Amino acid sequence: MAEKSGSPYQELLPGLVTVQQHIIANQRRHAEATGEFSFLLSGITIATKVLASKVRKAGLVDIFGATGEQNVQGETVQKLDRMANDLLMHCIGYRRSVGALASEENETVVDLTETGRTGKYLVLFDPLDGSSNIDVNIPTGTIFSILVRPERGEWQQGGDVHTEILQPGLKQVAAGYVLYSSATTLVYTTGNGVHQFVLDPEIGAYVLVAERLQVPARKKVYSVNEANSGTFPKEVQDYLAWTKTEAAGYSSRYVGSFVADFHRILMQGGLFLYPPTAKAPSGKLRLMYEANPMAFLIEQAGGAALDGPQRILEKTPKKLHERTPLYIGSKGEVAILQAFLQGKGAPPA
Ligand code: AHG
Ligand code: MN
Ligand code: MN
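These numbers were taken from a predicted model, which means no experiment stands behind them.

Q: Hey, could you run me through the site of ligand 1 in this one?
A: Inspection of the region around ligand 1 gives 18 residues, with Asp129, Gly130, Tyr254, Phe258 and Tyr274 positioned closest. Residue Glu104 places a side-chain N or O atom 3.1 Å away from an oxygen atom belonging to ligand 1. Contact between ligand 1 and Tyr254: an oxygen atom at 2.6 Å from a side-chain N or O atom of the residue. Within the complex, the protein chains bury 86% of what would otherwise be the 470 Å² of accessible surface of ligand 1. Looking at the shell around ligand 1, the elements that each hand over two or more residues are strand E5 (121–129) and strand E13 (271–274). With three residues, the top contributor of residues to the shell around ligand 1 is E5. Class assignment of the residues belonging to the shell around ligand 1 gives a composition of six nonpolar, five polar and seven charged. Structurally, the shell around ligand 1 is a two-domain feature, drawing no fewer than three residues from each of domain 1 (7–210) and domain 2 (221–341).

This is the structure in structure tokens:
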């Protein structure tokens, strides 16, 4: 379990470690970390607790349906997309340690330094992932990624957050997600392992349930929208044909909410694929606030994440909302797919 808070009243909360306690205990191990980071993360936990309460009452409160707007992605904005975005912008933007925010729902970076802020953190998020599933009560999620502005010296010469934010995923200082499902679970990493919490609705706290999660190296389950397979690269079509052979013996699971499909893979192993398609030639998922945070998590849990030839975390983004092909999951499963992509075909039986 995480380092005890050392409080003499620990017996009042036998074995209960909240995400705030965990972050502070974690930070004690990193002398340079300051309380401002845990305060920043508390902005995310507050917003997602409010969101969890809305999602649980979907149908009773007016959050079904679309707002009638289209976002920068050309996608219809669901009411809950808008609410999630406003909540996160408010709760995180309130933290003085934040210099800028970026969201799937906002065309450009929200530059808080314009108000004279010198906050060093750059927070990116997909406020509601899988939003097409809200109205049919299928799990949805929130994904976040945290970068830091380049050395303070550059800021004082008026660094531009719009360019500073375009950093490869390797530079993330933290990443995580909240999955709104049968339970509301928060999973995060600060580069020191992957840790999981479940929201206890009775006390309104995210409570630690697992530390240093490790994804199984192999699991014969693939997760892909097969309807698009007609225009997948030939090597991916060959991989999918192989998985259906008796010798390979794979099963298929696809929720259609990336956070839900990812969480299943983190827990049990498998491979998630969103390859290039005719409709989405660079893949559908966005690099900065879907692929990068999940790639950070999966690598911290012993898995792998590629765009095909390249490690996701090494990609240098050119645009805030750029999309990327994504193959992510168990190390052994990614390796098998990679062999197909390299033209080496199926593993020996
Ligand atoms: P978002 O709701 O944030 O736009 O993300 C939706 C994504 C992702 O959650 C999921 O894996 C993917 O869309 C499903 O796409 P298809 O419907 O094309 O399979
Ligand atoms: Mn998404
Ligand atoms: Mn979204």
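Text resumes after the structure shown.
Q: Honestly, the sheet that holds strand E11 (residues 221–223) in this entry has me stumped. Any pointers?
A: The strands that make up a sheet are held in pairs by hydrogen bonds between backbone atoms, and each pair lies either parallel or antiparallel. Reading across the sheet, the five strands line up as E12-E11-E13-E15-E14 and stay open at both edges, with mixed pairing between neighbours. The outermost strands of the open sheet, each flanked by one partner alone, are strand E12 (251–252) and strand E14 (304–306). For E13 and strand E15 (residues 326–329), the ladder comprises four bridges, and the chain directions are antiparallel. Pairing of Leu273 across the sheet is with Tyr327, part of E15.

The rules behind the values
- Residues numbered from 1 in each chain as written.
- Chains lettered and ligands numbered in written order.
- Predicted model: local features only at pLDDT ≥ 70, side-chain atom pairs only at ≥ 80, totals over all residues.
- Heavy atoms only, no water.
- Near = heavy atom within 4 Å.
- Polar contact = N/O pair within 3.5 Å; in protein donor to acceptor, adjacent residues only side chain to side chain.
- Areas by Shrake-Rupley, 256 points an atom, 1.4 Å probe, with all protein chains shown as cover.
- Helix = DSSP H or I, 4+ residues; strand = E, 2+ residues; numbered from the N terminus.
- Nonpolar A, V, L, I, M, F, W, Y, C, P; charged D, E, K, R; others polar.
- Domains from an automatic or database assignment.
- Pairing = 2+ DSSP bridges.

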